[in-house]
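Coordinates in review
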Amino acid sequence: MENQIFELQYAMDTFYFLVCGALVMWMAAGFAMLEAGLVRSKNTTEILTKNVALFAVSCTMYLICGYAIMYGGCLLYTSPSPRDRG
C-alpha cells in the first residue's frame with residue numbers, strides 16, 4: 001500500500017511539473033507577443049529572436065543547474081556510485 005502511495009505521489013508530481021512547465025512556455029510566448037506588439041514592425045523579428053534565445057538559454061541553465069538543485073541529482077540518470085550506497 002505504501003509503495004502505491006509513493007508511485008501515485010511521483011506520478012502527480014511529474015504531472016504537476018509538466019503542466020507548470022507548459023504554462024511557463026505559454027507565458028514566454030505571450031510575453032514575446034506583447035513585446036513584438038510594442039516595437040516597430042521592422043524590429044519584430046529581432047525581438048522574437050531575442051525571446052527565443054533567452055528561453056533556450058534559461059532552459060539549458062535549468063537543466064545544468066536547476067534540476068540538480070531541485071532534486072539533488074545530476075542531469076542524466078546514472079547508477080549510484082559506491083560511496084552513495086552507504
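One numbering rule holds for all chains: residues counted from 1, following each sequence as written. The model is predicted, so local features are restricted to residues of pLDDT at least 70 and side-chain atom pairs to those at 80 or more, both for listing and for counting; the totals for chains, interfaces and linings are taken over all residues. Here the side-chain values reflect all heavy atoms present in the structure, with hydrogen atoms and water set aside.

Only runs of H or I of at least four residues qualify as helices and only runs of E of at least two qualify as strands under DSSP, and these elements are numbered from the N terminus. If you tally the helices and strands in the chain, you get two helices and zero strands. In the chain, which comprises 86 residues, the proportion classed as buried is 7%. Per element, the accessible surface of the chain, about 7,700 Å² overall, is 71% carbon and sulfur. Burial classes follow relative accessibility: with a 1.4 Å probe on protein chains only, a residue under 20% of its type's maximum area counts as buried, one over 50% as exposed, and anything between as partly exposed. Residue-level accessible areas treat just the shown protein chains as cover; the underlying method is Shrake-Rupley with a 1.4 Å probe.

Turning our attention to the pattern of salt bridges. Oppositely charged side chains can pair when the atoms bearing their charge come close. Whenever Lys or Arg places a side-chain nitrogen within 4 Å of a carboxyl oxygen from Asp or Glu, that contact is recorded as a salt bridge. Using the criterion set out here, one finds one salt bridge in the structure. Between Glu 35 and Lys 50 there is a salt bridge, with the nearest N and O atoms lying 3.6 Å from each other. Highlighted residues: Glu 35 in helix 1 (residues 2-38) and Lys 50 in helix 2 (residues 44-71), separated in sequence by 15 residues. Judged by relative accessible area, which is 19%, Glu 35 ranks as buried.

What follows covers a nonpolar patch on the surface. Together, Phe 17, Leu 18, Tyr 67, Met 70 and Tyr 71 give the surface a local cluster of nonpolar side chains, amounting to about 510 Å² of exposed area. Among the elements that take part in the nonpolar patch, helix 2 stands out by supplying three residues, more than any other. With respect to the helices and strands, Met 70 occurs in helix 2. By relative accessible area, which is 47% here, Met 70 ends up partly exposed. Without a salt bridge and with relative accessible area above 30%, a residue can belong to a patch; like charges are then joined within 9 Å and nonpolar side chains (Val, Leu, Ile, Met, Phe, Trp, Tyr) within 5 Å.

Any pair of Phe, Tyr and Trp rings, taking the six-membered ring for Trp, is counted once the centres come within 6.5 Å. Such a pair is stacked with planes under 30 degrees apart, edge-to-face with planes over 60 apart, and tilted for the rest. Taken as a whole and judged by the stated rule, the model has one aromatic pair. On the basis of an interplanar angle of 35° and a centroid distance of 6.3 Å, the ring pair of Phe 17 and Tyr 62 is categorised as tilted. Residue Phe 17 is located in helix 1, and its partner Tyr 62 is located in helix 2; the two are separated by 45 residues in the primary sequence. When its relative accessible area of 25% is taken as the criterion, Tyr 62 is described as partly exposed.

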